[in-house]
Amino acid sequence: MTRSDELRALSEEHSAHNYHPLPIVIAEARGAWVTDVEGNRYLDMLSAYSAVNFGHANERLTAAAKRQLDRVTLVSRAFDHDEFGPFAAELAELCGKDMVLPMNSGAEGVETALKTARKWGYEVKGVPDGQANIITFEHNFHGRTTTIVSFSTDPVAKLSYGPYTPGFRTVPYGEIGPLAQAIDENTVGVLIEPIQGEAGVIVPPEGFLRQVRDLCTERGVLMIADEIQTGLGRTGATFACEHEDVVPDVYILGKALGGGIVPVSAVVADRDVLGVFQPGQHGSTFGGNPLACAVAREVIAILKTGEFQERSRELGAHLHERLGALPGDLVRQVRGRGLWAGVELHSLARPVSERLKDLGVLAKETHETTIRLAPPLVISREDLDWALDQFEAALKG
Ligand SMILES: *Cc1c(COP(=O)(O)O)cnc(C)c1O
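Residues numbered from 1 in each chain as written. Predicted model: local features only at pLDDT ≥ 70, side-chain atom pairs only at ≥ 80, totals over all residues. Heavy atoms only, no water.

Quick notes on the site of the ligand
Surveying the vicinity of the ligand reveals the residues Ser 105, Gly 106, Ala 107, Phe 141, His 142, Gly 143, Glu 193, Asp 226, Ile 228, Gln 229 and Lys 255. At a separation of 2.8 Å, an oxygen atom of the ligand approaches a polar backbone atom of Gly 106. Separating a nitrogen atom of the ligand from a side-chain N or O atom of Asp 226 is a distance of 2.7 Å. With the chains in place, 81% of the 380 Å² that the ligand exposes on its own is no longer accessible. In the shell around the ligand, the residues fall into three nonpolar, five polar and three charged. (Near = heavy atom within 4 Å. Polar contact = N/O pair within 3.5 Å; in protein donor to acceptor, adjacent residues only side chain to side chain. Areas by Shrake-Rupley, 256 points an atom, 1.4 Å probe, with all protein chains shown as cover. Nonpolar A, V, L, I, M, F, W, Y, C, P; charged D, E, K, R; others polar.)

A closer look at the nonpolar core
The biggest cluster of nonpolar side chains holds 60 residues, and the ones touching the most others in it are Leu 91, Leu 253, Leu 323, Leu 373 and Phe 391. Domain assignment of the residues forming this core places at least three in each of domain 1 (3-12 + 31-50 + 307-396) and domain 2 (60-304). Excluding anything up to four places from it in sequence, Leu 323 contacts Val 334, Ala 341, Val 343, Leu 373, Leu 388 and Phe 391. (Core = buried A, V, L, I, M, F, W, Y, C linked by side-chain atoms within 4.5 Å. Buried < 20%, exposed > 50% of the residue type's maximum accessible area, 1.4 Å probe, protein only. Domains from an automatic or database assignment. Contact = heavy atoms within 4.5 Å.)

With respect to the sheet that holds strand S3 (residues 41-44)
Pairing within the open sheet is mixed, and its four strands lie in the order S1-S2-S3-S13. With partners counted over all chains shown, the strands left at the sheet margins are strand S1 (26-30) and strand S13 (361-362), one partner each. (Pairing = 2+ DSSP bridges. Helix = DSSP H or I, 4+ residues; strand = E, 2+ residues; numbered from the N terminus.)

Digging into the pairing of strand S5 (residues 133-137)
Burial analysis of S5 places five of its five residues in the buried class, the great majority of the element. The pairing of S5 with strand S7 (residues 187-192) spans three bridges and is classified as parallel. Within the sheet, the bridge partner assigned to Ile 135 lies in S7 and is Val 190. Two elements, S5 and strand S6 (residues 168-171), share four bridges in a ladder whose sense is parallel. Among the inter-strand pairings, Phe 137 is bridged to a residue of S6, identified as Val 171.

So, the domain arrangement of the protein chain
Examined at the domain level, the protein chain breaks down into domain 1 (3-12 + 31-50 + 307-396) and domain 2 (60-304). The C-alpha-based centres of domain 1 and domain 2 are spaced at 27 Å. Counting each side, the surface lost to burial between domain 1 and domain 2 is near 2,000 Å², with a carbon and sulfur contribution of 54%. The largest per-residue losses of area from domain 1 upon contact with domain 2 belong to Gln 309, Arg 337 and Trp 340, which jointly make up 39% of the total buried on that side. If you look at where domain 1 meets domain 2, you find one salt bridge. (Buried area = accessible area lost by both parts, 1.4 Å probe. Salt bridge = Lys/Arg side-chain N within 4 Å of Asp/Glu carboxyl O.)

Overview of the environment of Ala 374
Position of Ala 374 among the secondary structure elements: in the loop between strand S15 (370-373) and helix H14 (381-396). Among residues more than four places away in sequence, those in contact with Ala 374 are Met 45, Leu 46, Ser 47, Ser 50, Arg 234, Leu 339 and Trp 340.

Let's talk about the side chain of Glu 111
Considering the arrangement of structural elements, one finds Glu 111 in helix H5 (residues 106-125). It turns out Glu 111 is buried and unbridged, and the closest side chain with the opposite charge, Lys 115, is 6.7 Å from it. Setting aside residues no more than four positions away along its own chain, Glu 111 makes contact with Thr 145, Thr 147 and Ile 148. (Lys, Arg positive; Asp, Glu negative; His and termini not counted.)

Here you go:
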């Protein structure tokens, strides 16, 4: 039995089987590459679902974390600390908004946005108590809490977790008519992924985000963009909404905001929205902690250079050119934007991701027949080309 086998047997035996990981046990990682316990190297084409946009062990980020580890790591929000104010100001500025509300996981960020929209609806819009509704889209993915799975349309994510939280309406993604019809006087928010990530990197039709924005403005509804996976460089812009010159009322950020080091999420909006919270009405012990703020501030500083957005645009164009050139008998469809692609296959994707792993490339299937490619934005063009060569070989079986 190899060391990997031993370790995998431990997780198989003693951890809940809520994931189906590829058979690899990682011991180290740097940049776009990871090394397993046997010393084999693999190119990471998943980036922890875009939480590792800036690469594994990014020196600027690990240095910020190490500096902070020796100063102060947790005080709770009962006290202020010297990283908090600057973090809030810098993140608000990056988003062009007034205020932030920090949490930890993405799902907590989404929950916070839902609470924000409801509270805003009752206290600002004047919706009768208990009547607020929020509109979500088919095939959405916003996290795993009981309320969030209540409006999931994926039976795997949803079944056996009822009773479900009421107050949500679901409409098709990419069509403005049904959304316009679903909005009524008690609608407080439209929760949207600018590109649906877990659904398989589904890019909405050109102009859809703009239509959603206009409709929300017209009807007095908050447009809430879940940019947890699309945001912070992945699509070739700081936010995916930028591709249609759209500014949502509320951003939800997570994943890459923590630099691949700590979980950091946040809701970002203007004062007329986030100003609804008074002391005690919402919170989190770890939200906005000093370590999280120090790392996130470095992430924001990196994003302000625009370097990674540009890399994602340029390498993304190359990625999509090469994927687009694959013969139709190997791939059914390629979707995506920037260094992010969902490749729809004619057959099951799992065997392809397993073959890819044997060829030294880590990518993960999503749903039955989609492979998602999302390397760290630090990847070199040569490594990307090599990964795509392996991908083609894995497709050919
Ligand atoms: C990953 C993700 C979430 C949930 O984030 P967690 O940190 O896993 O809770 C929410 N929304 C989107 C769009 C995501 O991709």
